[in-house]
Number of protein chains: 2
Amino acid sequence: MTGAEHRTLLLVEDDAKLAALLDRLFSGEGYTVDVARDGHSGLHRALTHQYAVMVIDRGLPAIEGVDLVRRLRAKGVTTPTLILTARGTTEDRVEGLDAGAEDYVVKPFEIDELLARLRALLRRHTDSSTRLDLGERHLDVTARRVVGGDVPIELSGRENELLQLFAAHPSQVFTRDELRRLVFQDADSPGAVDTYVYYLRRKLGRDVIRTVHGLGYRMGSA
Amino acid sequence: MTGAEHRTLLLVEDDAKLAALLDRLFSGEGYTVDVARDGHSGLHRALTHQYAVMVIDRGLPAIEGVDLVRRLRAKGVTTPTLILTARGTTEDRVEGLDAGAEDYVVKPFEIDELLARLRALLRRHTDSSTRLDLGERHLDVTARRVVGGDVPIELSGRENELLQLFAAHPSQVFTRDELRRLVFQDADSPGAVDTYVYYLRRKLGRDVIRTVHGLGYRMGSA
DNA sequence: GTCCGCTCTGAGGTTCCTCTGAGATTCGCG
DNA sequence: CGCGAATCTCAGAGGAACCTCAGAGCGGAC
C-alpha cells in the first residue's frame, strides 16, 4: 500500500459563500482543497492536476456540472466525483450517475452526511484501485501512466486504453479486429493497432506486449 | 490437472444483508469473494480484475444489473455471469440473457439451487475452454501455447494444429498421409510432417510424440 | 492565429513461419 | 553383422506477417 497519500480535493462551486464554507469544512477534514469557480477552470484544473476526489456543483456557469463530469470521463479522467444539486428527482440522479459521477447529494444537505459520503467515495475508490498489474510495474489508469520503474512513464489516451485492455486480461490473445473494435472505435484504422503496440513497446520495453504470429497480441507477463 | 486454481468471484449486490449472506455462502464453497455495492464499482472492478464468475443483482443503484452486463460484454469481458432478480417474467429472463448473462436466478431462491447453478456455470465455462490434456502439461489451443511447465512454450500455427490433433486422440496412430491431409492442406508436402514432429519434439521433449516405425506417429502419453 | 501533442496512414525493412531437400542416424530383418 | 528402408536433423529459400518510423491531419491550448 502507498498509504498516506496527499488527499487533494477539487471543489467546483460558483456560489462564493458556499464555496468558502465547503473549503473550510473539507480542509478541517484533512483535505487539501483546490477551488474552481466555474466549469471551464474546473475542467482545466481537473485535466492538468491529479485529485483524490472531486466535488462539483450541478448548477455552474459556462459548463454545467453534469456536462463537466461527462467531458472529464470522455477524456479518460476517472477521479471519483460527487455532485451537489438542488434538484433531487430520479431523472436528475440517473443523468448525473450516467455521466459518470459516483455519488449525488441533494441540497440542502447535512454536513455529516456529505462528509460521510465523501469518505465512502474515497474508500471505495482506493479499494477498487485503478491500478493494473504489469509485473514489475503497474499501470495507473486514472493518471494514465506507468509507475514502478526509475521514472514514471506518461501514456497518451489510446496507449492507456490499449494497455488497460491487455493488463485486465493478461492471458488472453486479442486479434487486431478485436482490438480495433474495443479500443479504436473507428473500424477503418487498419494499421493503428500495430502502431500503438509499437508505441507501448518503445515506451515500456519490447516485452510488455507479445506478438502471437498470425493471431494477434497478448500481455507480456503471461 | 491444473486443479486448485484461484476461483475468485465478483458479487455485485447493493442490499447489505443479502451481500453478507451470499459472501459467507460463496466463501464457504471455496470461492474468494469480491463484493461491489453498486453498478459503478462493479463495472470498475470487473474491468480491472479477472474473475472466474460474476453474480450480479438486477436491481442496483447507479447502473442496473442487466445494463452492467451489457456494458461489460461491450468491453470484451466474457466472464460467465449469473443474474439475481426479484422479477421472473419471460421478458425479464430474455432481456437478461440477451444482455449476455449466462444464467438467471429468481429471488427468493433456494441456496442449494444457486450454488448448483454456479457450479454448473463454472464447469460449463471451463469445459468449453479450449484446453487439451498433455499429461503433466496442457495445450491451450486458442492461445497457441503449452503451459504447465516452468515456462509457457509458444507454438506456431502448424505446430499447434498438429499437436491439437494428437492431443485430441491420444491413443490413435496417425499415418503421414493422414496427418498431411488433416493438418497440411497442400497434399504435396512429403517431408513437412516429419519436420513438424521434429519441431514439437525439440520444443516439448522427445517423448511428446512417439514414432511407430513403418506406420506413423502417436501421442507420447498413450 | 500559432504551436504542440495525439492519432492514424503508408512504405520500406525486418522477422518469423512454412516447407524443401540432403546428409546423418536408427530400425528391422536376414 | 550388414544392408536397405525409414526416420531424424537441420540449414536455407520463399513468402507472409510484422515492425519501424516519418509525416499528414486534426483538435485543443494559449
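The rules we used
- Residues numbered from 1 in each chain as written.
- Chains lettered and ligands numbered in written order.
- Predicted model: local features only at pLDDT ≥ 70, side-chain atom pairs only at ≥ 80, totals over all residues.
- Heavy atoms only, no water.
- Helix = DSSP H or I, 4+ residues; strand = E, 2+ residues; numbered from the N terminus.
- Buried < 20%, exposed > 50% of the residue type's maximum accessible area, 1.4 Å probe, protein only.
- Contact = heavy atoms within 4.5 Å.
- Areas by Shrake-Rupley, 256 points an atom, 1.4 Å probe, with all protein chains shown as cover.
- Pairing = 2+ DSSP bridges.
- Near = heavy atom within 4 Å.
- Polar contact = N/O pair within 3.5 Å; in protein donor to acceptor, adjacent residues only side chain to side chain.
- Nonpolar A, V, L, I, M, F, W, Y, C, P; charged D, E, K, R; others polar.
- Salt bridge = Lys/Arg side-chain N within 4 Å of Asp/Glu carboxyl O.
- Axes fitted to C-alpha atoms, helices over the stretch in contact; angles between N-to-C directions.
- Parallel < 35°, antiparallel > 145°, perpendicular 65-115°, else oblique.
- Core = buried A, V, L, I, M, F, W, Y, C linked by side-chain atoms within 4.5 Å.
- Expected span 1.5 Å × (residues − 1).
- Arc of directions from axis to C-beta.

How should I be thinking about the overall build of chain A in this particular structure?
The number of helices and strands found in chain A is 8 helices and 12 strands. Within chain A, buried positions represent 45% of all 222 residues. Long-range pairs, those at least 24 residues apart, make up 54% of the contacts in chain A with a sequence separation of at least 6. When the accessible surface of chain A is summed, it comes to about 11,000 Å², and 49% of that surface belongs to carbon and sulfur atoms.

Sorry, what's going on with the pairing of strand β12 (residues 216–219) of chain A here?
Residues and elements named next belong to chain A. Bridging between strand β10 (residues 174–175) and β12 involves 2 bridges; their strand directions are antiparallel. Paired with Thr175 across the two strands is Gly216, which belongs to β12. Where strand β11 (residues 209–212) meets β12, 4 bridges bridge the pair, whose relative direction is antiparallel. Considered in β12, the bridge of Ile209 is made with Met219. Hairpin connection, β11 to β12: the antiparallel pair is bridged by 3 residues, and Gly214 has positive phi, about 85°.

Just checking my understanding: could you explain the protein's contact with DNA strand D for this structure?
Neighbouring residues of DNA strand D: 21 residues in total, closest Tyr198, Thr211 and Tyr217 of chain A together with Tyr198 and Thr211 of chain B. Among atoms of DNA strand D positioned within 4 Å of the protein, sugar and phosphate together represent 82%. Measuring from a phosphate oxygen of DNA strand D, one finds a side-chain N or O atom of Arg176 of chain A at 3.1 Å. Mapped onto the surface near DNA strand D, the elements with two or more residues apiece are α8 (192–204) and β11 of chain A together with α8 (192–204) of chain B. Class assignment for the residues of the surface near DNA strand D results in 7 nonpolar, 9 polar and 5 charged.

Looking at this model, I keep getting lost on the environment of Leu9 of chain B. Mind explaining?
Residue and element names in this part refer to chain B. Structurally, Leu9 is set in strand β1 (residues 8–12). Put simply, Leu9 and Val35 are 26 residues apart on the chain and 8.5 Å apart in space, counted from C-alpha to C-alpha. The contacts of Leu9, once residues within four sequence positions are left out, are Phe26, Tyr31, Thr32, Val33, Asp34, Tyr51, Val53, Val55 and Leu118.

It is not clear to me how the side chain of Asp140 of chain A should be interpreted in this structure. Could you clarify?
Residue and element names in this part refer to chain A. Positionally, Asp140 belongs in strand β7 (residues 137–140). Residue class for Asp140 comes out buried when judged on its relative accessible area of 14%. Within polar-contact distance, the side chain of Asp140 engages the backbone nitrogen of Ala143 at 3.1 Å.

Please clarify how the pattern of salt bridges should be interpreted in this entry.
Proximity of charged atoms lets side chains of opposite charge pair with each other. Tallied over the entire structure, the rule returns 16 salt bridges over all chains. The salt bridge partner of Glu154 of chain A is Arg145 of chain A, with a shortest N-O separation of 3.5 Å. In this structure, Arg70 of chain B and Asp67 of chain B form a salt bridge, with 3.9 Å as the shortest nitrogen-oxygen distance. Placement of the pair is Arg70 of chain B and Asp67 of chain B together in helix α3 (residues 65–74), with a separation of 3 residues, close to one helical turn. In this structure Arg70 of chain B comes out as partly exposed when scored by relative accessible area, which is 38%.

Please clarify how the protein's contact with DNA strand C should be interpreted in this entry.
Contacts to DNA strand C come from 26 residues, most closely from Ser156 and Tyr199 of chain A together with Ser156, Arg158 and Tyr199 of chain B. Contact between DNA strand C and Arg158 of chain A: a phosphate oxygen at 2.6 Å from a side-chain N or O atom of the residue. Pro190 of chain A places a polar main-chain atom, nitrogen or oxygen, 3.5 Å from a phosphate oxygen of DNA strand C. Among the elements of the structure, α6 (157–168) and α8 of chain A together with α6 (157–168) and α8 of chain B are those that each provide at least two residues to the surface near DNA strand C. Across the surface near DNA strand C, the residue classes tally to 10 nonpolar, 12 polar and 4 charged.

When you look at the environment of Ile56 of chain A in this model, what are you seeing that I'm missing?
Residue and element names in this part refer to chain A. Here Ile56 is to be found in strand β3 (residues 53–57). The exposure class assigned to Ile56 is buried, which follows from its relative accessible area of 1%. For the pair Ile56 and Ala101, spaced 45 residues apart in the sequence, the C-alpha separation amounts to 9.5 Å.

What exactly am I supposed to notice about the packing of α6 of chain B against α8 of chain B here?
The description of two helices packed together rests on the angle between their axes and the distance between the axes. All names here are of chain B. In contact at an axis separation of 10 Å, α6 and α8 are set at 90° when each is read in the N-to-C sense. One element, α6, and the other, α8, form an angle in the roughly perpendicular class. Contacts between α6 and α8 involve Arg158, Glu159, Leu162 and Leu163 on the former and, on the latter, Tyr196, Val197, Tyr199, Leu200, Lys203 and Leu204. Class assignment of the residues belonging to the contact of α6 with α8 gives a composition of 7 nonpolar, no polar and 3 charged.

I tried to follow the sheet that holds strand β6 (residues 131–134) of chain A on my own but got confused; where do I start?
Strands belonging to one sheet form pairs held by backbone hydrogen bonds; the direction of such a pair is parallel or antiparallel. All names here are of chain A. With antiparallel pairing, 4 strands are arranged side by side in an open sheet as β6-β7-β8-β9. Either end of the sheet is taken by a strand with one partner, and the two such strands are β6 and β9 (153–154). Pairing of β7 with strand β8 (residues 145–147), which is carried by 3 bridges, proceeds in the antiparallel orientation. Counterpart to Leu139 in the pairing with β8 is Val146.

Could you clarify how one ought to interpret the nonpolar core in this entry?
When a protein is soluble and globular, its nonpolar side chains tend to lie buried together. Residues Leu139, Val146, Leu163, Phe166 and Leu179 of chain A are the most contacted members of the largest nonpolar core, which totals 26 residues. Within the residue set of this core, elements represented by two or more residues are β6, α6, α7 (176–182), α8 and β12 of chain A.

Help me out: how do you make sense of helix α1 (residues 16–28) of chain A in this one?
Residue and element names in this part refer to chain A. In a regular helix each residue adds 1.5 Å, so 13 residues correspond to 18 Å; α1 covers 18 Å between its end C-alpha atoms and thus fits that length. Within α1, burial applies to Leu18, Ala19, Leu22, Leu25 and Phe26. Taken around the axis of α1, the buried residues stretch over an arc of 130°, which confines them to a single face. Turned more than 90 degrees away from the buried face of α1, the exposed residues are Lys17, Arg24 and Gly28.

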